Amino acid sequence: MEKQFDAIWINAVMATCEQGYGLIQEAAIAVKEGTIAWLGAMNALPGKPDALADQVYDVKGYCLTPGLIDCHTHLIYAGNRASEFEMRLQGVSYEEIARRGGGIQSTVRATRQASFETLLQASLKRARALLASGVTTVEIKSGYGLDWDTELKILRVAKRIEELLPMTVCTTFLGAHTIPVEYREAPDAYVDLVCEEMIPKVAREKLASAVDVFCEKIAFNLQQTERVFKTAKQHGLAVKCHSEQLSDSGSASLAAAYQALSVDHLEHISEAGIKAIAQSGTVAVLLPGAYYFLREKAQPPVELLRQHRVPMAIATDCNPGTSPLLSLLIALNMACTLFRLTPEEALTGVTRYAAKALGLHKQGTLTLGNYADFAVWEAAHPAELAYYIGGNPLRQLVKRGKIVDSKAGA
């Protein structure tokens, strides 16, 4: 006789993350065909666990949460910028490093020169590190190509990572990351290229679900950013924005006008910008890794974001220049210690609100009918995930209802 469920996990301290932690003590969760078919207190199960499913896993009082979601990364690039890190610590300014051929353009050069396979193998190591720390979904941006061939290569590497690892990959086109050197004297011509050639190809070939822009004095201005937003919307792509990181440019309000999924960084966002994204339902993605690595002084106005009930997500911002962070768990701790988020807010920020920042509707919470993506942690309470610095309490990772090797291919 066919059993009701494929598998059941019992004796868990379950954080559903539907509303805050959403804690259920002595909980059980059952999966069928990759989705959550039942969850709740064990004493409410519709029968004995072994009569309901062939596979029964005893969590033994440990914590069970949704699989973590890293909603902002620049995971795919060649080389690294460790030498620049050393130079900055010796007092060399960012501007001087850039004059010496460093900065983002050095990563662009290395990424353009790298073969598909070289880029894939380097990026797989970073993706596996995230997977091993409980990440079941990751967003990957392009943006280290700044020409069509390399942007295409990056997006195809991202798709390949999803085929090779048990994780969902959401791709975002960030052709408007910075002005490439060959367009330094003609930035609007590069925006023409992005809008008239690159975005239509991305949409036609279904290479990404969203388009991002770095709106800042050192990148793209408001008028150029709006052109990219308009083009993205015309081609059915969602909008995201690197916003108010170095100055209050007004880009958050602009992004809100285009119903952006998220605005990210926000160290210098104004209250007017916060009100705009609150009204549009846009997620504020906070990136404590970049704040830490760059030793920034201005913090995102977390209390104002709370007051206006803006959903706050947390991400690693994994990238070679400003946040070479490979642990979303450490980002949780940074969000709490540096930005004063509560552990509950931080966990919600890498589950429920991270899913919202990517436009995902069946991930991020343990909810009936959602994908069965979850993690079992050697912890008695979910606050412990933000408490420790380093180490890894992950005991078991489940993707679409199947236990996966979180160190696959490592």
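Cut-offs used in this document
Residues numbered from 1 in each chain as written. Predicted model: local features only at pLDDT ≥ 70, side-chain atom pairs only at ≥ 80, totals over all residues. Heavy atoms only, no water. UniProt positions renumbered as here; feature names shortened; annotations may be inferred. Domains from an automatic or database assignment. Contact = heavy atoms within 4.5 Å. Buried area = accessible area lost by both parts, 1.4 Å probe. Helix = DSSP H or I, 4+ residues; strand = E, 2+ residues; numbered from the N terminus. Phe/Tyr/Trp six-rings, centres within 6.5 Å; stacked < 30°, edge-to-face > 60°. Buried < 20%, exposed > 50% of the residue type's maximum accessible area, 1.4 Å probe, protein only. Lys NZ or Arg CZ within 6 Å of the ring centre and 35° of its normal.

For the chain, an unreviewed UniProt entry supplies the name Imidazolonepropionase and the organism Aquicella lusitana. The Function (unreviewed entry) comment attached to the chain in UniProt states, word for word, "Catalyzes the hydrolytic cleavage of the carbon-nitrogen bond in imidazolone-5-propanoate to yield N-formimidoyl-L-glutamate. It is the third step in the universal histidine degradation pathway." Regarding the chain, the relevant UniProt record gives this comment under Catalytic activity (unreviewed entry): "4-imidazolone-5-propanoate + H2O = N-formimidoyl-L-glutamate".

(A) Fine view of the domain arrangement of the chain. Under the domain assignment, the chain is made up of domain 1 (5-67 + 365-404) and domain 2 (69-358). Between the C-alpha centres of domain 1 and domain 2 the distance comes to 31 Å. At the junction of the two partners, domain 1 supplies 28 residues and domain 2 supplies 23 residues. Here domain 1 packs against domain 2, burying approximately 1,900 Å² in sum over the two surfaces, 64% of which is carbon and sulfur. Ranking the residues of domain 1 by area buried against domain 2 places Tyr-21, Ala-386 and Lys-399 at the top, with a combined share of 27%.

(B) Layout of the environment of Cys-195. Residue position: Cys-195 is located in helix 7 (residues 187-204). Separated by 20 residues in sequence, Cys-195 and Gly-175 have C-alpha atoms that sit 9.4 Å apart.

(C) Main features of the packing of aromatic side chains. According to the stated counting rule, one finds 9 aromatic pairs in the structure shown. Their ring planes at 15° and their centres at 5.0 Å tell us that Phe-85 and Phe-293 sit as a pair that is stacked. On the criterion of sequence distance, the pair formed by Phe-85 in helix 2 (residues 82-89) and Phe-293 in helix 11 (residues 288-293) is long-range, its members being 208 residues apart. Residue classification places Phe-85 among the partly exposed positions, given a relative accessible area of 37%. Aromatic side chains Tyr-291 and Phe-339 sit 5.2 Å apart centroid to centroid with 70° between the ring planes, which places their arrangement in the edge-to-face category. Of this pair, Tyr-291 sits in helix 11 while Phe-339 sits in helix 13 (residues 328-339), and the two are 48 residues apart along the sequence. A single burial state applies to Tyr-291 and to Phe-339, both of which are buried. Looking at Arg-126, its charged tip hangs above the ring of Tyr-77, at a distance of 3.7 Å from the centre. Over the aromatic face of Tyr-371 sits the side chain of Lys-362, whose NZ or CZ is 4.7 Å from the ring centroid.

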